[in-house]
Amino acid sequence: ELEYHPDFKRSYYIRGLIYGYSGQLGLAVADFKSFLEWKPDSWAGHNDLAWIYFQQGNFEDAFITASDGLRYSPGNPWLLNSVGISLKNLGQIDLARSAFESALVGSTRLSPTDWGKAYPGNDPGFYQKGYENMRTTIENNLQLLNAPN
């Protein structure tokens, strides 16, 4: 796609996901950065780049990237969860708790249909389960803060 339609920059996002899921994290970072140069207000681009940084153990850049995404999408539960998990791994437990609690509140403002809009390739029959899984993940992350190290 990029060879035949180099101006269709959304392809960088898709390839970034492919690289991310196949463990080619450096290539994923490069593609998500290329995508965000084209569409800097994409909360999903910020969240997925933060996901890659997190996989690399680069919690500082994961935090910075997710926080930057919140400038464009304040209250976004996906980004707030990414901020929280980054802060937890940076040892900032109180700030992580605040981020997770905000993510949980933000998730209550969503419906399963809203959740599904973030994942347009998913079967609408999965939206309810996906939405519940997101909320459970945030709740589990909050519980991790109470676990002994």
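Preceding this section is the structure that the text describes.
Residues numbered from 1 in each chain as written. Predicted model: local features only at pLDDT ≥ 70, side-chain atom pairs only at ≥ 80, totals over all residues. Heavy atoms only, no water.

**A look at the layout of surface pockets**
- Each pocket or cavity is described by its volume, and for the largest pocket that value is around 920 Å³.
- What lines the largest pocket is a set of 32 residues, among which W43, N47, D48, W78 and Y119 lie closest to the centre.
- Per-element tally for the lining of the largest pocket: the top contributor is helix α3 (residues 43-55), with eight residues.
- Along the lines of polarity and charge, the residues of the lining of the largest pocket split into 19 nonpolar, 10 polar and three charged. (1 Å grid on protein atoms, 1.4 Å probe; cavity = no way out; pocket = protein on both sides within 12 Å on 5 of 7 lines; lining within 4 Å. Points joined across faces, edges and corners; volume = space filled by probe spheres on them. Helix = DSSP H or I, 4+ residues; strand = E, 2+ residues; numbered from the N terminus. Nonpolar A, V, L, I, M, F, W, Y, C, P; charged D, E, K, R; others polar.)

**A few points about the packing of aromatic side chains**
- Throughout the structure, instances matching the rule amount to 10 aromatic pairs.
- For the pair W115 and Y127, a centre-to-centre distance of 6.2 Å together with 65 degrees between the ring planes defines the contact as edge-to-face. Placement of the pair is W115 in helix α7 (residues 112-117) and Y127 in helix α8 (residues 127-144), with a sequence separation of 12 residues.
- The exposure class of W115 is buried, given its relative accessible area of 5%. (Phe/Tyr/Trp six-rings, centres within 6.5 Å; stacked < 30°, edge-to-face > 60°. Buried < 20%, exposed > 50% of the residue type's maximum accessible area, 1.4 Å probe, protein only.)

**Let's talk about the side chain of S86**
- Within the element layout of this structure, S86 appears in helix α5 (residues 77-89).
- A relative accessible area of 1% places S86 in the buried class.
- Other than its neighbours up to four places away in sequence, S86 contacts F59, A62 and F63. (Contact = heavy atoms within 4.5 Å.)

**Describing the packing of α3 against helix α4 (residues 59-72)**
- Interaxial distance between α3 and α4 falls to 8 Å at its minimum, and their mutual angle equals 170 degrees. Of the possible angle classes, the one that applies to α3 and α4 is roughly antiparallel. Across from H46, L49, A50, Y53 and F54 in α3, the residues of α4 making contact are F59, D61, A62, T65, A66, D68, G69 and Y72. (Axes fitted to C-alpha atoms, helices over the stretch in contact; angles between N-to-C directions. Parallel < 35°, antiparallel > 145°, perpendicular 65-115°, else oblique.)

**Focus: the packing of helix α1 (residues 10-21) against α3**
- Viewed as axis vectors pointing N to C, α1 and α3 meet at an angle of 25 degrees, and their least axial separation amounts to 11 Å. As summarised for this structure, α1 and α3 are arranged roughly parallel, according to the angle between their axes. The chirality of how α1 crosses α3 is left-handed. On the side of α1, the interface is formed by Y13, L17, G20 and Y21, while α3 contributes A44, G45, D48, W51, I52 and Q55.
- Classifying every residue of the contact of α1 with α3 gives six nonpolar, three polar and one charged. (Left-handed = near helix turned anticlockwise from the far one by under 90°.)

**Concerning α1**
- Across its 12 residues, α1 extends 17 Å between first and last C-alpha, which sits within 8% of the 16 Å expected from 1.5 Å per residue.
- Close packing links the buried residues of α1 with α2 (25-38) and α3.
- Phi turns positive one or two residues past the end of α1, at G23, with a value near 80 degrees. (Expected span 1.5 Å × (residues − 1).)

**What to know about α8**
- End to end, α8 covers 26 Å across 18 residues, agreeing with the expected 26 Å (1.5 Å per residue, within 8%).
- Residues of α8 that are buried include every one of Y127, G130, Y131, M134, I138, N141 and L142, and no others. In a view along the axis of α8, the buried residues occupy a sector of 130 degrees, so they form one face of it.
- Elements that come into contact with the buried residues of α8 comprise α5, α6 (93-108) and α7. (Arc of directions from axis to C-beta.)

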